Amino acid sequence: MTDDTLAARAEAVRDRYRSTLGTVPGGVQERLRLAREFGRLPTEEAIAELRHIVLTDSPLGARVQQLVHFGQLLALGREHPARIHARGALHAGAGITDLIGVAETALITAGVPAYALGTEIIAELLPQADGPRAPGGGPGA
């Protein structure tokens, strides 16, 4: 298989992520690099196809599906993917109040740590009125 063909196939996988999240997460970029280097691109294509079926063809619709992902990841304490899906939810048309509702639901189902993680992620998505926030905290934390 030619390098151009492999590059086109990898780009098609990236396009799937862009359509659901608005971007290609860094971890996906790294997985694609390894998959191309070691002849495992079909694995990434299969993952992208499954994600497409679950996210795009879902009866929940893209907005609700991304909100569900956000909430499940909060409950699992999976900080990085929760951030990705919070942005994905906004990309799919959710609002900040929707994300807050999910974080509040996580409070009931998974406790204060899940709620705190959710509110931290949401706060990072808000426009900054007085300069950038330090990662993991409030202004200058």
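Source: prediction; values computed, not measured.

Colleague: Teacher, can you tell me more about the overall build of the chain here?
Modeller: When helices and strands are counted, the chain shows seven helices and zero strands. Secondary structure of the chain in N-to-C order comes out as α-α-α-α-α-α-α. Each of the three principal axes of the chain carries a C-alpha extent, and together these read 50 × 35 × 25 Å. By the burial criterion, 30% of the 141 residues in the chain qualify as buried. In the chain, the share of contacts with a sequence separation of at least 24, taken over all contacts with a separation of at least 6, comes to 57%. Of the roughly 8,000 Å² of accessible surface on the chain, a fraction of 60% belongs to carbon and sulfur atoms. Put simply, the chain has 14 plus and 16 minus side-chain charges, and the middle of one group is 2 Å from the middle of the other.

Colleague: It is not clear to me how the pattern of salt bridges should be interpreted in this structure. Could you clarify?
Modeller: If the charged atoms of two oppositely charged side chains come close together, the side chains can form a pair. Scanning the entire structure with this criterion turns up twelve salt bridges. Residues Glu11 and Arg18 are paired through a salt bridge, measuring 2.7 Å at the closest nitrogen-oxygen approach. Judged by relative accessible area, Arg18 falls into the partly exposed class, the value being 32%. Glu120 is paired through a salt bridge with Arg83; the nearest N and O atoms lie 2.8 Å apart. In this pair, Glu120 is assigned in helix H7 (residues 112–125) and Arg83 in helix H5 (residues 79–91), connecting sequence segments 37 residues apart. Linked by salt bridges that have partners in common, Glu11, Arg14, Asp15 and Arg18 make up one network.

Colleague: When you look at the nonpolar core in this model, what are you seeing that I'm missing?
Modeller: Burial of nonpolar side chains together is a common tendency in soluble globular proteins. Leu67, Phe70, Leu74, Ala82, Leu99 and Ile121 are the most contacted members of the largest nonpolar core, which has 16 residues in total. When residues of this core are traced back to their parent elements, those giving at least two are helix H4 (61–76), H5, helix H6 (96–110) and H7. Ignoring sequence-local partners within four residues, the contact set of Ala82 consists of Phe70, Leu73, Leu74 and Ile121. One finds Ala10, Val13, Val24 and Ala48 within the second-largest nonpolar core, a separate group that totals twelve residues.

Colleague: Looking at this model, I keep getting lost on helix H1 (residues 3–21). Mind explaining?
Modeller: Each α-helix winds once per 3.6 residues, and so residues spaced three or four apart point in a common direction. The terminal C-alpha atoms of H1 lie 27 Å apart, and with 19 residues this matches the ideal 27 Å at 1.5 Å per residue to within 8%. Where H1 is concerned, the buried positions are Leu6, Ala10, Val13, Arg14, Tyr17, Thr20 and Leu21. Seen along its axis, H1 keeps its buried residues to an arc of 125°; they face one direction. Residues of H1 that are buried make contact with helix H2 (26–37), helix H3 (41–56), H4 and H5. Two residues or fewer after H1 comes Gly22, characterised by a positive phi angle close to 85°.

About the thresholds
Residues numbered from 1 in each chain as written. Predicted model: local features only at pLDDT ≥ 70, side-chain atom pairs only at ≥ 80, totals over all residues. Heavy atoms only, no water. Helix = DSSP H or I, 4+ residues; strand = E, 2+ residues; numbered from the N terminus. Buried < 20%, exposed > 50% of the residue type's maximum accessible area, 1.4 Å probe, protein only. Contact = heavy atoms within 4.5 Å. Areas by Shrake-Rupley, 256 points an atom, 1.4 Å probe, with all protein chains shown as cover. Lys, Arg positive; Asp, Glu negative; His and termini not counted. Charge placed at Lys NZ, Arg CZ, Asp CG, Glu CD. Salt bridge = Lys/Arg side-chain N within 4 Å of Asp/Glu carboxyl O. Core = buried A, V, L, I, M, F, W, Y, C linked by side-chain atoms within 4.5 Å. Expected span 1.5 Å × (residues − 1). Arc of directions from axis to C-beta.

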